[in-house]
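Architecture and fold: a report
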Amino acid sequence: MEAHDGFDPGQGEDLPPPPPIPPNVVPIKAESERNSPPKKASKTKRVPMPRPGLGRKGQPVPLYTNHFKVSVRSMDDNFYHYSVSLKYEDDRPVDGKGIGRRVIDKLHQTYDSELGNKDFAYDGEKSLFTIGALPQVNNEFTVVLEDISSGRTAGNGSPGGNDSPGENERKRVRRPYQTKTFKVELSFAAKIPMQAISQALRGHDSENSQEALRVLDIILRQHSAKQGCLLVRQSFFRDNPSNYIDLGGGVLGCRGFHSSFRTTQSGLSLNIDVSTTMIVRPGPVVDFLIANQKVNNPFQIDWAKAKRTLKNLRVKTSPSNTEYKIVGLSERPCNEQMFTLKQRNGRDGNGDCEVNTVEITVYDYFVKYRNIELRYSAELPCINVGKPKRPTYFPIELCSLVSLQRYTKALSTLQRSSLVEKSRQKPQERMGALNDALRHNNYDAEPMLRACGISIAPSFTQVEGRILQPPKLKVGNGEDFFPRNGRWNFNNKKLNQPTTVDRWAVVNFSARCDIRSLVRDLIKCGGMKGISIEDPFDVFEESPQMRRSPPTARVEEMFEQIKNKLPGAPRFLLCLLPERKNSDIYGPWKRKCLSEFGIVTQCIAPTRVNDQYLTNVLLKINAKLGGMNSLLQVEHSPAIPLVSKIPTIILGMDVSHGSPGQSDLPSIAAVVSSRQWPLISRYRAAVRTQSPKVEMIDSLFKPSGNDDEGIVRELLVDFYTSSQKRKPDQIVIFRDGVSESQFNQVLNIELDQIIEACKFLDEQWSPKFTVIVAQKNHHTKFFQHGSPDNVAPGTVVDNKVCHPRNYDFYMCSHAGMIGTTRPTHYHVLLDEIGFSPDDLQELVHSLSYVYQRSTTAISVVAPICYAHLAAAQVGQFIKFDDMSETSSSHGGHTSAGSIPVPELPRLHEKVSSSMFFC
């Protein structure tokens with residue numbers, strides 16, 4: 001942070017010198033004030049390290065990337081940030097989203113000269129930015145909007161103006177045109193020098209540079225909003241049916257674009273990528289509900305469920321084409337739901353209007369008074385678009401969902417796979433779409449960008465990539481080989497360390513399958529890979545009357561059968577499930593095997609059984625039972641730079657959160673650790689629950705009395721016992737799923753906990769740390785010159801589009817077979833071990849080849865994938881607990897720590913150090 005953040009020394013706003021401190025006083029650190037320079041605390045805060053240099057290894061390859069160079073004429077301007085307060089005439093705050101943009105647009109039109117003819121960048125909520133200051137410091141205005149009831153205009157996401165004139169004329173005669181008055185207050189909040197961007201490009205990131213980039217992003221968002229796009233964070237979506245993908249269940253995928261400004265080594269760039277969001281299918285409400293609930297006609301709809309699904313969606317009602325927000329449904333059907341109708345009956349003797357009221361059903365009102373034919377709504381609930389105290393009802397068949405409304409519930413497995421399959425684009429196709437988007441957006445015409453002197457180059461940025469050699473692998477019988485194009489197979493090869501499968505049985509939960517031949521083929525295939533598989537002790541079939549029982553009961557009953565028949569606990573159970581994905585037996589079954597009995601288990605749902613399928617199943621079984629499928633040749637002849645010389649533990653850390661619909665399920669933190677040094681292919685996992693949606697792992701160090709119940713101690717002790725009683729002197733941490741704004745927390749909160757856990761074990765021991773964050777959800781892609789194929793596996797990029805100061809690089813370690821390869825963005829936050837850039841990139845590349853479940857290089861280092869798998873699998877343990885006590889018992893609303901988070905059952909000691917997650 002600059003010392004004068006927020007102040008421009010050139011403006012004569014220098015601070016007075018601080019008062020002298022008496023010699024016997026130690027100053028106390030004030031709570032961090034945003035604009036004050038950071039004061040030295042007793043313990044220095046860690047910040048991400050600078051880049052020590054560039055990698056050199058590998059075959060150079062020229063690439064294109066979807067960053068477009070941004071040139072800025074001058075950086076001398078200042079953005080002024082104003083807080084926006086919107087109120088109605090009676091001083092009630094305006095809460096509805098979407099209305100803000102209309103009010104600010106109107107303000108701009110009405111008071112242009114009073115506001116110094118300035119263009120605005122408005123974020124749609126509480127912040128507005130201008131270039132240079134507005135004439136006054138506090139600006140209060142009154143804005144009048146016409147016909148507010150018709151909801152959003154084209155300016156905020158849905159095309160307006162298709163009212164039929166006849167209808168509107170009639171309305172205008174009946175009632176005066178509706179207007180609404182707003183009070184707008186703009187109050188000065190901060191001054192942001194654009195100079196901060198050029199500081200950031202020189203490597204001096206500050207709060208101001210983040211803010212200045214945010215202003216540029218807001219300008220782009222506003223540009224899209226004016227064109228009627230739906231905005232989702234930094235992506236925008238046009239209402240164009242050719243962008244729609246039908247995912248079933250009344251949900252559409254809508255293809256749009258992400259755009260954001262980034263500071264890079266080669267200057268400011270605009271990163272544009274294809275993006276997809278989910279929207280509800282526009283059109284008649286009934287059609288949407290029928291599709292959403294998979295029923296055949298309106299009379300089968302579950303209305304309690306429909307009410308939850310429809311709440312807050314916007315509809316247009318015919319014939320007036322007015323837009324409303326759905327508040328709920330009527331209690332009674334349309335032909336029974338009464339309301340009070342006021343009628344004017346000419347004049348009385350004094351010439352005053354006589355008003356009498358009648359009670360009438362919604363159905364009769366529309367059919368008799370409005371002469372609108374209703375075909376099927378009579379027995380269905382009405383849509384309520386009124387206020388909580390004053391409902392306004394419309395028959396459901398007169399309501400149509402407006403386009404471009406986000407669908408925010410979790411997708412089903414089928415919808416998700418359909419989304420992935422239908423939204424894939426080959427590299428060339430994606431490049432074409434991005435070129436079109438840039439042309440279509442016409443950013444050069446955006447007045448705010450022009451005022452900043454910003455222009456955006458029309459062509460993709462060129463970068464230098466390097467293709468690293470794949471690491472040599474070791475399989476069975478001492479055989480070495482090089483993977484080709486990120487893939488290999490075990491045809492005619494034995495596994496590196498095959499196990500023996502004995503004392504095992506098959507369990508069948510009503511899957512239709514020829515178990516005899518499955519077992520025979522498995523034994524045969526195992527033999528070819530070197531795994532000796534004995535005949536199973538028995539096959540346990542689920543009794544037909546159990547199929548309708550709750551999952552836990554089915555699992556209990558199966559275990560009763562096993563206990564009654566087997567002489568002792570089996571080592572291994574092969575479990576056949578009837579459904580391929582999301583079987584509700586999976587969680588209870590895994591929990592019973594792994595935490596109660598300590599039995600290794602492999603679940604399968606065989607559809608097409610062939611050699612490839614059986615080999616993949618055997619790879620998992622072998623790894624779970626303690627075998628090794630393949631090793632890196634450098635692990636075997638310990639020759640990994642720095643790692644093989646000094647005892648080194650590798651940690652992979654990840655937190656998985658419930659899907660959007662399940663806000664009260666706890667988040668699950670998983671850490672996996674390497675064992676049996678000098679190996680880097682063998683791992684074990686520790687998993688804990690924590691408060692919902694909390695990203696920082698809070699149970700790394702958990703002292704209680706003389707003990708530490710945290711994750712790290714458990715893993716360090718295992719490393720010690722599995723590595724000939726050696727403590728790791730080096731700890732390499734791979735952390736997944738954190739954004740740049742959380743890097744400092746990883747370095748100062750999580751790393752501190754890990755250090756404390758080490759000190760707790762041994763006060764004298766201080767290992768060296770390397771901390772690397774891996775990110776998958778970014779928007780940088782790479783393309784080959786004149787080739788329709790994805791970049792080659794092993795491609796690494798650490799120049800031009802990387803950070804101007806920090807130590808980061810992009811790596812595509814896997815062979816992208818479908819769609820466009822998404823590189824993993826690695827950020828090295830700390831490196832006390834002292835790897836050279838080449839050695840570190842080689843280590844990351846090699847760790848993409850040690851994933852025991854597959855015979856391909858994977859896109860992110862194996863320890864992170866394992867942490868992800870462990871969190872997902874153990875998360876299933878508690879998922880089904882929750883179904884039994886529906887989420888209402890959790891109170892639904894949680895803030896971190898407000899309710900005790902349910903503990904996970906611990907893994908049984910027999911399997912706790914196994915690769916059960918494989």
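Attention in this report is confined to the structure presented alongside it. As the structure is a prediction and not an experimental result, all values here were calculated from the model.

1. Some thoughts on the packing of aromatic side chains
- Scanning the entire structure with this criterion turns up 24 aromatic pairs.
- Relative to Y369, the ring of Y365 lies with its centre 6.0 Å away and its plane at 25 degrees, an arrangement referred to as stacked. Of this pair, Y365 and Y369 both sit in helix α7 (residues 362-369), 4 residues apart, which is roughly one turn of the helix.
- Judged by its relative accessible area of 19%, Y365 is buried.
- By relative accessible area, which is 41% here, Y369 ends up partly exposed.

2. With respect to the sheet that holds strand β19 (residues 393-394)
- One open sheet holds the 3 strands; their spatial order is β15-β18-β19, and the pairing between them is antiparallel. Strands with a single pairing partner mark the edges of an open sheet, and in this sheet they are β15 (328-333) and β19.
- Alignment of β15 against strand β18 (residues 381-384), held across 3 bridges, turns out to be antiparallel. Residue pairing for β18: L329 is matched across the bridge by I383.

3. Observations concerning a positive patch on the surface
- Taken together, the side chains of K180, K342, K387 and R390 present a region of like positive charge at the surface.
- By the element assignment, K342 lies in strand β16 (residues 338-347).

4. Some details on the sheet that holds strand β23 (residues 480-481)
- Taken in spatial order, the 3 strands make up an open sheet running β23-β22-β30, and their pairing is antiparallel. The two strands at the open ends of the sheet, each matched to only one other strand, are β23 and β30 (631-632).
- Bridge analysis of strand β22 (residues 473-474) against β30 gives 2 bridges, and the strand direction is antiparallel. Across the sheet, L473 pairs through a bridge with L632, a residue of β30.

5. Things to note about the pairing of strand β40 (residues 807-812)
- Counting buried positions along β40 gives 6 out of 6 residues, so the element sits mostly inside the fold.
- A two-sided burial pattern is seen for β40, the buried positions comprising Y807, F809 and M811 on one face and D808, Y810 and C812 on the other.
- Bridge count for strand β39 (residues 795-797) against β40 is 3 bridges, and the pairing is antiparallel. Across the sheet, V796 pairs through a bridge with M811, a residue of β40.
- As paired elements, β40 and strand β41 (residues 824-831) share 5 bridges and run antiparallel to each other. Paired with Y807 across the strands is V828, a residue of β41.

6. Structural notes on the side chain of S595
- Mapping S595 onto the fold places it in helix α13 (residues 586-597).
- By relative accessible area, S595 is classed as buried at 14%.
- With residues near it in sequence (within four places) discarded, S595 still touches K590, F877, P905, R906, L907 and H908.

7. Side note on the nonpolar core
- Residues I680, F734, Y826, L847, Y866 and F917 are the most contacted members of the largest nonpolar core, which totals 84 residues.
- In terms of nonpolar packing, the next biggest core, distinct from the first, is built from 40 residues, I192, L220, V274 and L438 among them.

8. Thoughts on the packing of helix α5 (residues 285-293) against helix α6 (residues 303-310)
- The interhelical angle for the contact between α5 and α6, taken along N-to-C directions, is 110 degrees, at an axis separation of 11 Å. Between α5 and α6, the angle falls in the class roughly perpendicular. The hand of the α5/α6 crossing is right-handed. Counted together, V285, F288, L289, N292 and Q293 of α5 and W303, K305, A306, T309 and L310 of α6 form the full contact between these two elements.
- Split by residue class, the contact of α5 with α6 holds 6 nonpolar, 3 polar and 1 charged.

9. Quick look at unusual backbone geometry
- Note that the residue after S318, namely P319, is joined by a cis bond; omega there is 5 degrees.
- Within the fold, P319 resides in the loop between β13 (314-317) and β14 (322-325).
- Backbone torsion omega between W677 and P678 reads 10 degrees, so that peptide bond is classified as cis.
- Mapped onto the elements of the fold, P678 is located in the loop between β32 (667-674) and β33 (683-690).
- Residue L404 is not a glycine yet carries a positive backbone phi of 55 degrees.
- Topologically, L404 is positioned in the loop between β20 (399-401) and α8 (413-422).

10. Quick notes on the pattern of salt bridges
- This model, assessed by the stated rule, comprises 32 salt bridges.
- In this structure, the salt-bridge partner of D364 is K368, at a minimum N-O distance of 3.9 Å. In this pair, D364 and K368 are both assigned in helix α7, 4 residues apart and thus about one turn of the helix distant.
- Given the relative accessible area of 24%, D364 is considered partly exposed.
- A salt bridge links R735 to E695; the shortest N-O distance between them is 3.2 Å. Here R735, found in strand β36 (residues 730-736), pairs with E695, found in the loop between β33 and β34 (703-704); they are 40 residues apart in sequence, far enough to count as distant.
- A single network of salt bridges, built from pairs that share partners, joins R675, R684, R688, E714 and D718.

11. A few points about the environment of S859
- Considering the arrangement of structural elements, one finds S859 in the loop between α18 (837-846) and α19 (862-884).
- Classification of S859 by relative accessible area gives buried; the value is 17%.
- Beyond its immediate chain neighbours, meaning those up to four positions away, S859 contacts K776, S813, H814, T824 and Y826.
- For S859, the side chain forms a polar contact with the side chain of K776, separated by 2.9 Å.

12. Re the packing of helix α16 (residues 711-722) against helix α17 (residues 743-761)
- One way to put it is that α16 packs onto α17 with a least axis distance of 9 Å and a crossing angle of 55 degrees. When the interaxial angle is binned, α16 and α17 end up oblique. Judged by the twist between their axes, the crossing of α16 over α17 is right-handed. Contacts between α16 and α17 involve V712, R713, L716 and V717 from the former and I754, A757, C758 and L761 from the latter.
- The class makeup of the residues in the contact of α16 with α17 is 7 nonpolar, no polar and 1 charged.

What counts and how
- Residues numbered from 1 in each chain as written.
- Predicted model: local features only at pLDDT ≥ 70, side-chain atom pairs only at ≥ 80, totals over all residues.
- Heavy atoms only, no water.
- Phe/Tyr/Trp six-rings, centres within 6.5 Å; stacked < 30°, edge-to-face > 60°.
- Helix = DSSP H or I, 4+ residues; strand = E, 2+ residues; numbered from the N terminus.
- Buried < 20%, exposed > 50% of the residue type's maximum accessible area, 1.4 Å probe, protein only.
- Pairing = 2+ DSSP bridges.
- Patch = residues over 30% accessible without salt bridge, like charges linked within 9 Å, V, L, I, M, F, W, Y side chains within 5 Å.
- Areas by Shrake-Rupley, 256 points an atom, 1.4 Å probe, with all protein chains shown as cover.
- Salt bridge = Lys/Arg side-chain N within 4 Å of Asp/Glu carboxyl O.
- Lys, Arg positive; Asp, Glu negative; His and termini not counted.
- Charge placed at Lys NZ, Arg CZ, Asp CG, Glu CD.
- Contact = heavy atoms within 4.5 Å.
- Core = buried A, V, L, I, M, F, W, Y, C linked by side-chain atoms within 4.5 Å.
- Axes fitted to C-alpha atoms, helices over the stretch in contact; angles between N-to-C directions.
- Parallel < 35°, antiparallel > 145°, perpendicular 65-115°, else oblique.
- Left-handed = near helix turned anticlockwise from the far one by under 90°.
- Nonpolar A, V, L, I, M, F, W, Y, C, P; charged D, E, K, R; others polar.
- Polar contact = N/O pair within 3.5 Å; in protein donor to acceptor, adjacent residues only side chain to side chain.

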